[in-house]
There are 2 protein chains.
Amino acid sequence: MTRLWKNLSGLVLAFASSIALAQQPMIVEKQSFTLENYTTHGGEAIEEVTVGWEAYGELNEAKDNVILVTHFFSGNSHAAGKYTENDPQAGYWDAIIGPGKAIDTNKYYVVSVDSLVNAYPNLPSVITTGPASINPATGEPYGLDFPVVTIRDFVNVQKAVLESLGVSKLHAVIGASMGSLQAIEWAATYPDWVERMVSVIGAASLDAWTIAGLEAWAQAIKLDPNWNKGNYYGAQAPLDGVTMAQALITHGAMHPSIFNQLAPSQETLPAEGLKSVDNQLPAAEWLYSSSRERAPLADANHILYLVRANQLFVAGHQETLKEGLNNISAKSLFLPASNDLLLMPYLADNAAAHLESMGKDVQLETIDGPWGHLDGIYSIQQKAERISQFLSQH
Amino acid sequence: MTRLWKNLSGLVLAFASSIALAQQPMIVEKQSFTLENYTTHGGEAIEEVTVGWEAYGELNEAKDNVILVTHFFSGNSHAAGKYTENDPQAGYWDAIIGPGKAIDTNKYYVVSVDSLVNAYPNLPSVITTGPASINPATGEPYGLDFPVVTIRDFVNVQKAVLESLGVSKLHAVIGASMGSLQAIEWAATYPDWVERMVSVIGAASLDAWTIAGLEAWAQAIKLDPNWNKGNYYGAQAPLDGVTMAQALITHGAMHPSIFNQLAPSQETLPAEGLKSVDNQLPAAEWLYSSSRERAPLADANHILYLVRANQLFVAGHQETLKEGLNNISAKSLFLPASNDLLLMPYLADNAAAHLESMGKDVQLETIDGPWGHLDGIYSIQQKAERISQFLSQH
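Residues numbered from 1 in each chain as written. Chains lettered and ligands numbered in written order. Predicted model: local features only at pLDDT ≥ 70, side-chain atom pairs only at ≥ 80, totals over all residues. Heavy atoms only, no water.

Now for the overall build of chain A. Along the backbone of chain A there are 13 helices and 12 strands. For 394 residues, the compact-globule formula gives about 21 Å, and the C-alpha radius of gyration of chain A, at 22 Å, lands near that figure. When its C-alpha atoms are laid out on the principal axes, chain A stretches across 80 × 55 × 50 Å. Expressed as a percentage of its 394 residues, the buried residues of chain A come to 59%. Residue pairs in contact within chain A that sit at least 24 positions apart in sequence constitute 73% of those at least 6 positions apart. Looking at charge distribution, chain A has the averaged site of its 22 positive side-chain charges lying 7 Å from that of its 41 negative ones. (Helix = DSSP H or I, 4+ residues; strand = E, 2+ residues; numbered from the N terminus. Rg over C-alpha atoms; globule rule 2.2 N^0.38 Å. Buried < 20%, exposed > 50% of the residue type's maximum accessible area, 1.4 Å probe, protein only. Contact = heavy atoms within 4.5 Å. Lys, Arg positive; Asp, Glu negative; His and termini not counted. Charge placed at Lys NZ, Arg CZ, Asp CG, Glu CD.)

Across a sheet, paired strands are connected by hydrogen bonds in the backbone, their directions being either parallel or antiparallel. All names here are of chain B. With respect to topology, 8 strands assemble into an open sheet ordered E1-E2-E6-E3-E9-E10-E11-E12, the strand pairing being mixed. Since the sheet does not close on itself, it has two edges, and those belong to strand E1 (31-39) and strand E12 (362-364), each with one partner. When the angles between neighbouring strand axes are averaged without regard to direction, this sheet yields 20°. Pairing of strand E9 (residues 172-176) with strand E10 (residues 196-200) involves 4 bridges; the strand directions are parallel. For Val-173, the partnering residue across the bridge sits in E10 and is Met-197. In the packing of helix H2 (residues 151-164) onto the sheet, contacts are made with E1, strand E2 (45-56), strand E3 (66-70) and strand E6 (109-113), and the angle to E1 comes to roughly 120°. (Pairing = 2+ DSSP bridges. Axes fitted to C-alpha atoms, helices over the stretch in contact; angles between N-to-C directions.)

Next up on the list: the pairing of strand E10 (residues 196-200) of chain A. All names here are of chain A. The buried fraction of E10 amounts to 5 of the 5 residues, a majority that puts the element mostly inside the structure. Neither face of E10 is left uncovered, since the one carrying Arg-196, Val-198 and Val-200 and the one carrying Met-197 and Ser-199 both have all their residues buried. In terms of handedness, the path from strand E9 (residues 172-176) via helix H3 (residues 178-189) over to E10 forms a crossover that is right-handed. As defined by bridge partners, E10 adjoins strand E11 (residues 331-335) across 5 bridges and the pair is classed as parallel. The residue bridging Arg-196 from the neighbouring strand is Lys-331, located in E11. (Right-handed = clockwise from strand over helix to strand, strands pointing away.)

Attention now goes to the UniProt feature "active site" (unreviewed entry) in chain A. Residue and element names in this part refer to chain A. As recorded in UniProt, the feature "active site" (unreviewed entry) lies at Ser-177, Asp-340 and His-373. Spatial clustering of the annotated residues is evident: they stretch over 197 residues in sequence, but the largest pairwise C-alpha distance comes to 10.6 Å. Position of Ser-177 among the secondary structure elements: in the loop between E9 and H3. Residue class for Ser-177 comes out buried when judged on its relative accessible area of 10%. Not counting residues within four places of it along the chain, the set of residues in contact with Ser-177 comprises Phe-72, Val-200, Ile-201, Leu-343 and His-373. You can see His-373 is positioned in the loop between strand E12 (362-364) and helix H12 (375-378). (UniProt positions renumbered as here; feature names shortened; annotations may be inferred.)

A few words now on the domain arrangement of chain A. Residue and element names in this part refer to chain A. Annotation of chain A at the domain level lists domain 1 (27-205 + 314-392) and domain 2 (211-264 + 276-305). Taking the mean C-alpha position of each, domain 1 and domain 2 sit 24 Å from one another. Surface buried jointly by domain 1 and domain 2 totals about 2,300 Å² across both partners, of which 70% is contributed by carbon and sulfur atoms. Per-residue buried area on domain 1 facing domain 2 is highest for Phe-73, Tyr-120 and Leu-144; these three make up 24% of the total on that side. Summed over the shared surface of domain 1 and domain 2, the result is 0 salt bridges. For the pair domain 1 and domain 2, the interface holds 14 residue pairs in polar contact (both at pLDDT 80 or more). (Domains from an automatic or database assignment. Buried area = accessible area lost by both parts, 1.4 Å probe. Salt bridge = Lys/Arg side-chain N within 4 Å of Asp/Glu carboxyl O. Polar contact = N/O pair within 3.5 Å; in protein donor to acceptor, adjacent residues only side chain to side chain.)

The next point concerns the nonpolar core. Note that soluble globular proteins tend to have their nonpolar side chains buried in a common cluster. In this structure, Trp-93 of chain A together with Trp-93 of chain B are the most contacted members of the largest nonpolar core, which totals 276 residues. With residues up to four places along the chain from it excluded, the contact list for Trp-93 of chain B reads Val-69, Ala-79, Ile-174, Gly-175, Ala-176, Val-200, Gly-376, Ile-377 and Ile-380 of chain B. (Core = buried A, V, L, I, M, F, W, Y, C linked by side-chain atoms within 4.5 Å.)

Once that is clear, we can look at the relation of the copies chain A and chain B. Its rotation angle being 180°, the transformation that places chain A on chain B also includes 0.0 Å of axial translation and leaves an RMSD of 0.0 Å. Expressed as a symmetry operation, the mapping of one chain copy onto the other fits a two-fold axis. Across chain A, the rotation axis passes nearest the C-alpha of Leu-223 of chain A, at a separation of 2.9 Å. Of the residues that chain A buries at the interface, 100% are likewise interface residues in chain B, meaning the two copies contact each other through the same surface. (Least-squares fit on C-alpha atoms with pLDDT ≥ 70 in both.)

All right, on to the interface of chain A and chain B then. Counting residues at the interface gives 65 residues for chain A and 65 residues for chain B. In total, chain A and chain B occlude about 5,300 Å² of area from one another, counting both sides; carbon and sulfur atoms represent 67% of this. Among the salt bridges present, the one from Asp-278 of chain A reaches Lys-229 of chain B, with a minimum N-O distance of 2.5 Å. On inspection of chain A and its partner chain B, the count reaches 26 residue pairs in polar contact (both at pLDDT 80 or more). For the side of chain A that touches chain B, the secondary-structure elements that each account for two or more residues are helix H4 (208-223), helix H5 (239-253), helix H6 (256-262), helix H7 (271-275), helix H8 (282-294) and helix H9 (300-311) of chain A. The element that contributes the greatest number of residues to the side of chain A that touches chain B is H4 of chain A, accounting for 11 residues. Counted by class, the side of chain A that touches chain B contains 35 nonpolar, 19 polar and 11 charged residues. (Nonpolar A, V, L, I, M, F, W, Y, C, P; charged D, E, K, R; others polar.)

Attention shifts here to the sheet that holds E12 of chain A. Residues and elements named next belong to chain A. With mixed pairing, 8 strands are arranged side by side in an open sheet as E1-E2-E6-E3-E9-E10-E11-E12. Both outer strands of the open sheet, strand E1 (31-39) and E12, are each paired with one neighbouring strand and no more. Across this sheet, the average inter-strand angle for adjacent strands is 20°, counted without regard to direction. Contacts from helix H11 (residues 345-357) reach E11 and E12 within the one sheet, and its direction differs from that of E12 by about 155°. Here helix H13 (residues 384-392) sits on the sheet and contacts strand E3 (66-70), E9, E10, E11 and E12; the angle it forms with E11, its principal contact strand, is near 170°.

Attention now goes to the pattern of salt bridges. Going through the model one piece at a time under the given rule, you end up with 26 salt bridges over all chains. Between Lys-222 of chain A and Asp-278 of chain B there is a salt bridge, and its shortest N-O distance comes to 3.3 Å. Here Lys-222 of chain A is found in helix H4, whereas its partner Asp-278 of chain B is found in the loop between helix H7 (271-275) and helix H8 (282-294) on a different chain. Arg-196 of chain B is the partner of Glu-195 of chain B in a salt bridge, and the nearest nitrogen-oxygen pair spans 3.4 Å. Overall, Glu-195 of chain B belongs to the partly exposed group, its relative accessible area being 33%. Its relative accessible area of 4% is what places Arg-196 of chain B among the buried residues. Three or more residues joined by partner-sharing salt bridges are found here, namely Lys-30, Glu-54 and Asp-114 of chain A.

It is worth spelling out the packing of aromatic side chains at this point. Under the counting rule described, the total for this entry stands at 20 aromatic pairs over all chains. An angle of 80° between the planes, with centres 4.9 Å apart, marks the rings of Tyr-142 of chain A and Phe-146 of chain A as edge-to-face. Of the two residues, Tyr-142 of chain A and Phe-146 of chain A, neither departs from the other in class, the shared state being buried. Note on Trp-186 of chain B and Trp-193 of chain B: the rings are 5.3 Å apart at their centroids and 50° apart in plane angle, and the pair reads as tilted. The class of Trp-193 of chain B is buried, set by a relative accessible area of 9%. Among the aromatic side chains, those forming a connected cluster through ring pairs are Phe-72, Tyr-92 and Trp-93 of chain A. (Phe/Tyr/Trp six-rings, centres within 6.5 Å; stacked < 30°, edge-to-face > 60°.)

Residue and element names in this part refer to chain A. Within the chain, Lys-63 stands out as a residue other than glycine whose phi angle is a positive 55°. Along the chain, Lys-63 turns up in the loop between strand E2 (45-56) and E3. A relative accessible area of 32% means that Lys-63 is categorised as partly exposed. Residues other than glycine seldom take positive phi values, yet Ile-201 does so here, at roughly 40°. Relative to the elements of secondary structure, Ile-201 occurs in the loop between E10 and H4.

In the contact formed by H8 of chain A and helix H4 (residues 208-223) of chain B, the axes pass within 8 Å of each other and the chain directions differ by 70°. In terms of their interaxial angle, H8 of chain A and H4 of chain B are classed as roughly perpendicular. In this structure, the crossing between H8 of chain A and H4 of chain B has a hand that is right-handed. Across the interface between the two elements, Ala-283, Ala-284, Leu-287 and Tyr-288 of chain A from H8 of chain A touch Ala-208, Ile-211, Ala-212, Glu-215, Ala-216 and Gln-219 of chain B from H4 of chain B. Residues that form the contact of H8 of chain A with H4 of chain B fall into these classes: 8 nonpolar, 1 polar and 1 charged. (Parallel < 35°, antiparallel > 145°, perpendicular 65-115°, else oblique. Left-handed = near helix turned anticlockwise from the far one by under 90°.)

Here it is in structure tokens:
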């Protein structure tokens, strides 16, 4: 009887603790990494680069179970898990990163790094170096004296983080949007490192239409008189410009299918809107007021530098795109979103077709959903099985 | 022999003059129309409204051969023909308006009217009334004291022009983009007038996504410190804001297929772009510099008022869209463009489906082409036969 009770209670306890484990979020921690005397791809010196990074899972002894996750424009290295148990929101790809998930942290050591010139340096969880950082030479923020950086620089800083851990090989690199640019740049520049590359809502280079579209995000900031050629530190930040830039980004990243579900609709003449062109209509107010709330967390110059890094992108940064792509030896998986209006699916289609024509191992599957570009984040669960399979292919 | 020579030379002359006729442009003239004491749909008074208008063909005695052409956001009433023989460019729909063309000026009297608050009041060929006009009460430009106007107001002013000609019936109304809003507004508000309605790259109402997209055109202007809440007359005009607004419009109106053909591409790192975020990249420079050239012809406040008129649009301006559409008795033809990113084809699809569900006579056919929204202008020839047939249906 005592024995039975013990066995039963043991079972109950084991069962309860497995429930607790399933419900318990993966608790993660932002770490900091500093690199002295970094030279940019453009040949400029930065005395000190400090970036944040996160890791999920355990690095194995052979140090060959590493998956690098590279983040999107408005994102940071918080790809999965929570900082505390009561953290209201998990990292952006928590649906596919964690124990037993598509990117299985029981198998892989998953690393993510805050980009240089991260758009949100005022978020407490972001550690980055950019125009808002103090220039050691002057003791003042760099402003536009910070050198222009490229996607290659993001990759090189990530490489330094990995090397500091003794890593010299990536089981895979995976990223969405701007993260996809970093992923393919890794594969094109350091082919000996990269075994697998997953490009989500991505591109191999930016075309004229996309470059000109991103320009609007920059122009919005430059129009704000508070921008003052980048010298606004210690003064009023160009929050109106940042608000507009963010509104353009959000609007472009969303397909009408979802936007029209979330934003207020209007059928009759809105009285305020009819009174003055200076009153906003409900749908615009919905977009711009939420953007205004987030604006103080961003840095205007950082957004300009991020826009530029994206605008300058061509995989491998060689004389031609072909040369860059030709260097790739990784297996590639492209996951464009069918309703994407920001990095339209033809960009991934073209990249995959290019690689295929070179005899590379390349796969492509489309994410369907109402979000448009954001399906690469919010609908990624749809491709969990596919990603998991791809990661275990040899 | 003399007789033969006479006959031959007669034939030659006739042939030569028919060639000359075919090559000779239709010469057209901008006329002016003034309306005293206009009351807007919103209930505000405008002491004097003056607008330009053009007509092609001859008004018949019964005055029942009138086709009204309503123009798009950046356009004006110059829909066809040339002002002089050496005029380098014909009106925007010259491909389908003229003698023997789809909208045959041998049969129809084609009328077009410059809209209120026309975006380009500084173009010599545009006559309009808006915030840049002199307010008779003050002797100064209205600025933001000009009342907000709606698509209904554009229609009401056109109606006054037609009534001044003794016209009380439209064989058809046809318009592209913002012109399509006026066309369907005509059909919904004055059903006794309108026998046929053609909506090219159009919509029955603006949805939240499109309203929020258009908001960027306004925000660009409002960010420019020279805008000064609309009080810039006699001072520096907000040309930077107008430049950005126009660039957004052009970019949104073009599909990547054509934009990437026309704009400079880049494969290697552009040296200037790598030097400073304040240097523009070639594709952006291409878009923004041409926009900057056109900016002095536009009026910033007029653009704000036009944006608002579009944002407020719901066909018929009743309590619900359904009520407005229900009033329509005209036969309708919708011609959305498959690659349209500005007024996406689902808007025309939804409008047609709505009308069909009400048992209305409605047709829809898609314009295919690389231009996107601009296929409604540049590829309209593709639908010439269809439009011609539609106009002769009873």
